[in-house]
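Understanding the architecture of this molecule
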Amino acid sequence: MTAQRWCRGLRPLKTGLRQFHASSTQASGVPALSDVQSSASGFFSKLFGGQPQRSMVPMTEALPDVQSTFLDSPPSDAPKTEMTTLSNGFKIATEATVGPTATLGIYVDAGSVYEKPMQSGTSHLLEYMAFKTTMNRSHFRIVREVEAMGGNVMASASREQIAYNIDVVKSNIPEALEVLSDAVLNPRFTTWEVAEAVQKIEQDIRGLKENPQTVLLEGLHSVAYTGALGRPLICPDGGTANLSSDTLHEFVSNNFVAPKMVLAVAGTEHRAMLELAEPMLNTVAGGSPPPQPESKYAGGDFRQFVAGPLTHCMLGFEAPGGWRDIKGSVVMTVLQYLMGGGGSFSAGGPGKGMHSRLYTRVLNQFPWMVNCTAVSSLYNDTGIFSIFASAESSSADEMVNVLCKELQAVASKLSEEELARAKKATISSVLMNLESRAVVAEDIGRQILTYGHRKPVDEYVNAIRKLKVSDVTGAVSKLLKTAPSLAAIGDIANIPRYAEIERRFK
C-alpha cells in the first residue's frame, strides 16, 4: 500500500495554525471575537514567536477556505431501498443512508437447519472461519487490507441465515466489496485454520456451563421441534470430531448459491454499487436452490441436573406463522416488550423495563426470583415464545407455577394502558435501532431473504399502532393451545412433571 492510498480522503488544511492570545488591554470584560486585537504579549505569540495573523473563529462559524463534506441540511425524503436481481439470481439491495461511512453485508439463506446429521456445528464453525485465507488472499493479507481501509469485519450464524459484514468509509467501498466477496465466495478452508477454529469451538462448549440461558435455548429447540429446527446451532459436545475442511466445502457448495444470497449495502447509491458488484457476483453459481428442510413443532421436556444454588427454566409455546405471518410476528414482538423482565437487579435507573409485567408482577413480588425475561425466537414459518427464569433451587416448583400463571394471565386480562406502553416501547426500539447504519444493512439483507423484498418501516410501525387488546389476548390464547416446551437445568428434583404442566393449559 502506498502512503497516498493510506491517506486518501484526508484534505490538507489551507489555513495556517490558528493562534490564540489573551488581550491584556481588555481584562475588564470578555470582548466580541471580532474585536479581539493581536497582542505581542499573547501566550501563543510568546510560545511560537511573532505576531498572530488572525483572530479565533467560533465553532459556530465555518472556517474560511475549508470546504465541508457534510450536508448542510438533512434530505427532505427518507432514503429508499432499491433492489436488483442479477441473471444468476443474486440480489443486490442498497439504501443511500446519510453519513461518511457505509456497511456492506452478504447474507446467505443457510444455517444449522441445512446441516446434515454428520455436519452438526458447521454453521458455528463457519462463523469462526469468516475472513480467513481465500483462493486469492492469505489471512494476513486480508487483515492488513482491512486495517488499511480502517474497516471492521464481523460474521454471525443463526439457524436460518449466515451474515458477513464490513464497515468502511465510503471512499473505500470498492476495496471493501472486493475483500468481502472474496472472503465469502472463495474460502480456502486450510486445515491449520480449521483446526484453530475447532479449538475455539471446544472452548465455547466448555464455556456453556457459565451461560445457562444458551443451554436452555438449545435444549428447548431440541425438544420443541422435530426436523431442521431441532438441530443444534452450537456444536454439540463431541461433535467437533466430524468438522473438517471437507465438511465446510461441502456445506458451502450446496448452500452458497446465487438465489440464496443477498448483497445488502447501507450508505451508497444503487447504480454505483450495481456497477461495482455485478461483475464480481455474476459468476456465482445459480440454479434452483434446495428447499428448506421441514420442521414440525411437537413440544417436549428437556432436563439437565447441575449442582448449584440456582435452578434455571424456560417455558415456551409455538408462535405459528413466524416472520412471514406479519400480524402474528408484530403481536409476538409487542408481547415481548409487554412481558419484558430482566434481572432482580437492573442498573440504568428508571424506565429500564421496570414497568413491564414480569418486573411488576414477578421480580418485585418474589424475592427468590433472580431473573425472569420474555424471549421471542421467530423463524420464517414458525417460532417459540417463552419465558426464561432463574430462581433459588428450593423454589424451583413455585418458579414454574409463576411462569404458567403469568402466561395465562396475559391471555385473560390486559389493560389498554399496558398495551399502549408496550406499543410505544416497541416503536421507539424499532426506530432507534434503524438509526444505526449497520442495523439498516442487516434489516435489508434479512428481510429480502425472508420476504423477497424489504418492507417499509412505516408498514411495520402502523401494524403496531393498530394492535388492539383483543389481538394480543387472542394470540396468546392461541399460543397456549399448542403443546408446551420445557427446558430446565440445575437442581431439577422439584420441577413439576411435564404431564402436570401440560394439564394446566388444557
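Details of the structure are given in the entry above.
This report concerns the structure included in the present document. (Residues numbered from 1 in each chain as written. Predicted model: local features only at pLDDT ≥ 70, side-chain atom pairs only at ≥ 80, totals over all residues. Heavy atoms only, no water.)

Topic: unusual backbone geometry
If you check the backbone angles, Phe131 has positive phi at about 60° while not being a glycine. As for its position among the elements, Phe131 is in the loop between α3 (122-128) and α4 (139-149). Judged by relative accessible area, Phe131 falls into the buried class, the value being 6%. The phi angle at Phe189 is positive, at roughly 55°, despite the residue not being glycine. Among the secondary structure elements, Phe189 is positioned in the loop between α5 (173-185) and α6 (191-207). According to the relative accessible area criterion, Phe189 is buried, its value standing at 4%. (Helix = DSSP H or I, 4+ residues; strand = E, 2+ residues; numbered from the N terminus. Buried < 20%, exposed > 50% of the residue type's maximum accessible area, 1.4 Å probe, protein only.)

Description of the side chain of Glu218
Within the fold, Glu218 resides in helix α7 (residues 212-224). Judged by its relative accessible area of 18%, Glu218 is buried. At a separation of 3.1 Å, a polar atom in the side chain of Glu218 contacts the main-chain amide nitrogen of Leu233. A polar atom in the side chain of Glu218 sits 3.2 Å from the backbone nitrogen of Ile234. (Polar contact = N/O pair within 3.5 Å; in protein donor to acceptor, adjacent residues only side chain to side chain.)

Describing the environment of Asn152
Mapped onto the elements, Asn152 comes out in strand β4 (residues 152-157). Given the relative accessible area of 41%, Asn152 is considered partly exposed. Considered as a pair, Asn152 and Asp167 are 15 residues apart in the sequence and their alpha carbons are 5.1 Å apart. Excluding residues within four positions of it along the chain, Asn152 makes contact with Val146, Asn165, Ile166 and Asp167. (Contact = heavy atoms within 4.5 Å.)

Notes on the nonpolar core
Judged by nonpolar contacts, the single largest core of 68 residues is most densely connected at Leu104, Phe256 and Leu263. With 7 residues, α5 is the single largest residue contributor to this core. In this structure, Leu263 is in contact with Phe90, Lys91, Ile92, Ala93, Gly105, Ile106, Leu177, Leu180, Met273, Ala277 and Leu281, ignoring residues within four places of it in sequence. Ranked by size, the runner-up nonpolar core spans 51 residues in total, among them Met339, Leu358, Trp368 and Ala391. (Core = buried A, V, L, I, M, F, W, Y, C linked by side-chain atoms within 4.5 Å.)

Details of the packing of aromatic side chains
Taken as a whole and assessed by the stated rule, the structure comprises 5 aromatic pairs. Taking the centre distance of 6.4 Å and the plane angle of 70° together, the rings of Tyr164 and Phe256 count as edge-to-face. Here Tyr164 is found in strand β5 (residues 162-169), whereas its partner Phe256 is found in the loop between α8 (245-255) and β7 (261-266), with 92 residues between them in sequence. The pair Tyr164 / Phe256 is uniform in exposure class, with both members buried. Relative to Phe505, the ring of Phe317 has its centre 4.8 Å away and its plane inclined at 65°; by these criteria the two rings are edge-to-face. Of this pair, Phe317 sits in strand β10 (residues 310-318) while Phe505 sits in the segment after α17 (498-504); the two residues are 188 residues apart in sequence, bridging distant segments of the chain. Each member of the pair, Phe317 as well as Phe505, carries the same accessibility label: buried. Ring-pair connections join several aromatic residues into one group, and the members of that group are Phe131, Tyr164 and Phe256. Seen from the ring of Tyr114, Lys260 lies directly overhead, with NZ or CZ sitting 3.8 Å from the centre. Geometry around Tyr451 places Lys455 over its ring, the cationic atom sitting 4.9 Å from the centre. (Phe/Tyr/Trp six-rings, centres within 6.5 Å; stacked < 30°, edge-to-face > 60°. Lys NZ or Arg CZ within 6 Å of the ring centre and 35° of its normal.)

By themselves these figures say nothing about function.
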